[in-house]
Amino acid sequence: DATSFAVRVAPLGGTGLVLVLAEDQTERRRVEAVRRDFVANISHELKTPVGALSLLAETVADASDDPDAVRRFTGRMQQEAARLTSVIQDLITLSRIQGAEPMAEPDKVVIGEVVEEALDAVRMAADAKQISLVSSGTEGIVIMGDESLLVTAMRNLVANAVAYSPERTRVSVSVEVTDNAVEISIADQGIGIPPQDLERVFERFYRVDAARSRATGGTGLGLAIVKHIMTHHRGDVTVWSKEGSGSTFTLRLPRPETRERQRSGENTDR
Ligand code: ADP
């Protein structure tokens, strides 16, 4: 992309001099392009199920004397309506986080409860594939944050771990406390992510395999939501993956204790 400048010229009254302002437009253009892509993607993601719904409705009307066909096609209509609902729900979540003041009113969050709630949400899907869910190191860890957002982030990651893993594998959540952060890792033994896609999976609507993502009910927004939730908590999310052997996503959340410790440290110095 070529660098572009917006140039403004203003005469400086009575001096005979002219003020020239050159403003770099490259970044503004890039942001605009990202926004345009996003809007185009949203339109596509919403139009696809709506188009399918209207076709299915026509088909049902034509097949009204065939109860089996009616049952089959109305079942498909329910699926398409459910997918529309997930996309809309994810878009609402995304815009809610992006609009939120970072950590305006943080609460005490018990990490063990966040992990349990997220695992409970995917237990049925995991059981159906005989995937075992295990967690370790979650006891007694408390951070400051927004519990419902942290559950959303965690649930998106364990749901992906289950969705992109074959039967009879294991999904494990482990928590580690370092000097200044709490790190929560979600590891699976699934299909993995090709190296060239690793950097992009956190982009809105980016999918490694769109057909597989749709088949598992994915909206392509799950990891973008995780990333924004972590930014909101002044933390981050990273991924390690090897194709064919599995992926590990790690959430890193700053620890409030560090600040308290520093403060008490200052006190003892005095
Ligand atoms: P989706 O709704 O498609 O799952 P996400 O934003 O959650 O969207 O993930 C983006 C893409 O990253 C997915 O489509 C999938 O290709 C890949 N992905 C995410 N998590 C995993 C995982 N645990 N194992 C393998 N691939 C994954």
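Our structure is the block above this text.
Residues numbered from 1 in each chain as written. Predicted model: local features only at pLDDT ≥ 70, side-chain atom pairs only at ≥ 80, totals over all residues. Heavy atoms only, no water.

### A look at the pattern of salt bridges
Formally: One speaks of a salt bridge when a side-chain nitrogen belonging to Lys or Arg is within 4 Å of a carboxyl oxygen belonging to Asp or Glu. A helix here means a DSSP run of H or I that spans at least four residues, while a strand means a run of E at least two residues long, and both kinds are numbered starting from the N terminus. Accessible area is worked out with a 1.4 Å probe on protein chains only. A residue is then buried under 20% of its type maximum, exposed over 50%, and partly exposed in between.
In this structure the tally under the stated criterion is eleven salt bridges. A salt bridge links Glu45 to Arg214, with the nearest nitrogen and oxygen atoms 3.4 Å apart. In this pair, Glu45 is assigned in helix H1 (residues 26–62) and Arg214 in helix H6 (residues 210–215), connecting sequence segments 169 residues apart. Residue class for Glu45 comes out buried when judged on its relative accessible area of 6%. One network of salt bridges, with partners in common, ties together Glu45, Arg207 and Arg214.

### Focus: the side chain of His232
The line we're drawing: Note on contacts: a residue pair qualifies if any of its non-hydrogen atoms lie within 4.5 Å across the two residues.
Tracing the sequence through the fold places His232 in helix H7 (residues 222–232). Dropping the residues within four chain positions of it, His232 is found in contact with Ile97, Ala100, Glu101, Pro102, Met103 and Leu149.

### Thoughts on the nonpolar core
For clarity, the cut-off: Side-chain atoms within 4.5 Å are what join buried Ala, Val, Leu, Ile, Met, Phe, Trp, Tyr and Cys residues into a set we call a nonpolar core.
Of all hydrophobic cores here, the largest spans 49 residues; its most connected members are Met154, Ile184 and Ile186. Secondary-structure elements contributing two or more residues to this core are H1, helix H2 (67–99), helix H3 (111–128), helix H4 (147–163), strand E6 (170–177), strand E7 (181–187), H7 and strand E9 (246–254). When residues of this core are assigned to their parent elements, the largest contribution, nine residues, is made by H4. With near-sequence residues (within four places) excluded, Ile184 lies in contact with Ile111, Met154, Val173, Ser174, Val175, Phe249, Thr250, Leu251 and Leu253. Core analysis: the second largest hydrophobic core is formed by five residues, Val60, Ala63, Ala69 and Phe73 among them.

### Quick notes on H1
Formally: Multiplying 1.5 Å by the residue count of a helix minus one yields the expected span of that helix.
If you check H1, its first and last C-alpha atoms are 54 Å apart, about what 37 residues at 1.5 Å a residue would give, namely 54 Å. Taken together, the buried positions of H1 are Phe38, Ile42, Glu45, Pro49, Ala52, Leu56 and Val60. In this structure, the buried residues of H1 make contact with H2 and H6.

### Observations regarding the environment of His228
For the record, the criterion: Counting of polar contacts relies on pairs of N or O atoms within 3.5 Å, with two restrictions inside protein: one atom must be capable of donating a hydrogen and the other of accepting it, and residues adjacent in sequence are counted only when both atoms are side-chain atoms.
By secondary structure assignment, the location of His228 is in helix H7. Through-space distance from the C-alpha of His228 to that of Glu176 is 22 Å; in sequence the pair is 52 residues apart. Once residues lying within four places of it in the same chain are set aside, the contact partners of His228 are Leu94, Ile97 and Gln98. Only 3.2 Å separates the side chain of His228 from the side chain of Gln98, close enough to count as a polar contact.

### Topic: H3
Stated formally: What is called the bend at a residue is the angle between a pair of axes, fitted to the seven residues leading up to and ending at it and to the seven starting from it.
Taking 1.5 Å of rise per residue, the 18 residues of H3 would be expected to cover 26 Å, and the 26 Å separating its terminal C-alpha atoms lies within 8% of that figure. Val122 marks where H3 bends most, by close to 50 degrees. For H3, the complete set of buried residues consists of Ile111, Gly112, Val114, Val115, Ala118, Leu119, Val122 and Ala126. A positive phi of about 50 degrees marks Gln130, the residue just after H3.

### Things to note about the layout of surface pockets
Gaps left between atoms show up when a probe the size of a water molecule is rolled over them. The condition that has to hold: Lining residues are defined by having an atom within 4 Å of a point belonging to a cavity or pocket. Those points lie on a 1 Å grid over the protein atoms alone, cavities being sets where a 1.4 Å probe fits but cannot get out and pockets being open sets with protein on both sides within 12 Å along at least five of seven lines. Grid points are joined across faces, edges and corners, and a volume is the space filled by probe spheres set on the points. Residues are sorted three ways: Asp, Glu, Lys and Arg are charged, Ala, Val, Leu, Ile, Met, Phe, Trp, Tyr, Cys and Pro are nonpolar, and all the rest, Gly among them, are polar.
Empty space within the largest pocket amounts to approximately 1,000 Å³. Of all the elements in the fold, those that place two or more residues in the lining of the largest pocket are H2, H3, H4, H6, H7 and E9. Looking at the lining of the largest pocket, the element that brings in the most residues is H4, giving eight residues. In terms of residue class, the lining of the largest pocket is made up of 17 nonpolar, 16 polar and seven charged. Quantified by volume, the second largest pocket comes out at close to 370 Å³. What lines the second largest pocket is a set of 13 residues, among which Val34, Phe38, Phe202, Glu203 and Arg204 lie closest to the centre.

### A few points about empty space enclosed by the protein
Overall, the coordinates contain one cavity of 30 Å³ or more when judged by the stated rule. By volume, the largest cavity amounts to about 40 Å³. Lining of the largest cavity is provided by Ile111, Val114, Leu150, Met154, Ile184, Leu251 and Leu253. Contributing elements (two or more residues each) for the lining of the largest cavity: H3, H4 and E9. The residue makeup of the lining of the largest cavity, split by class, is seven nonpolar, no polar and no charged.

### Quick notes on the pairing of E6
The following threshold applies: At least two DSSP bridges between two strands are required for those strands to pair.
Inspection of the sheet shows strand E4 (residues 132–136) paired to E6 by five bridges, in the parallel sense. In the strand pairing of E6, Val134 is matched with Ser172. Relative to E7, E6 runs antiparallel, the two sharing six bridges. Along E7, the bridge assignment pairs Ser172 with Ala187. Hairpin remark: E6 followed by E7, antiparallel, with three residues in the connecting loop.

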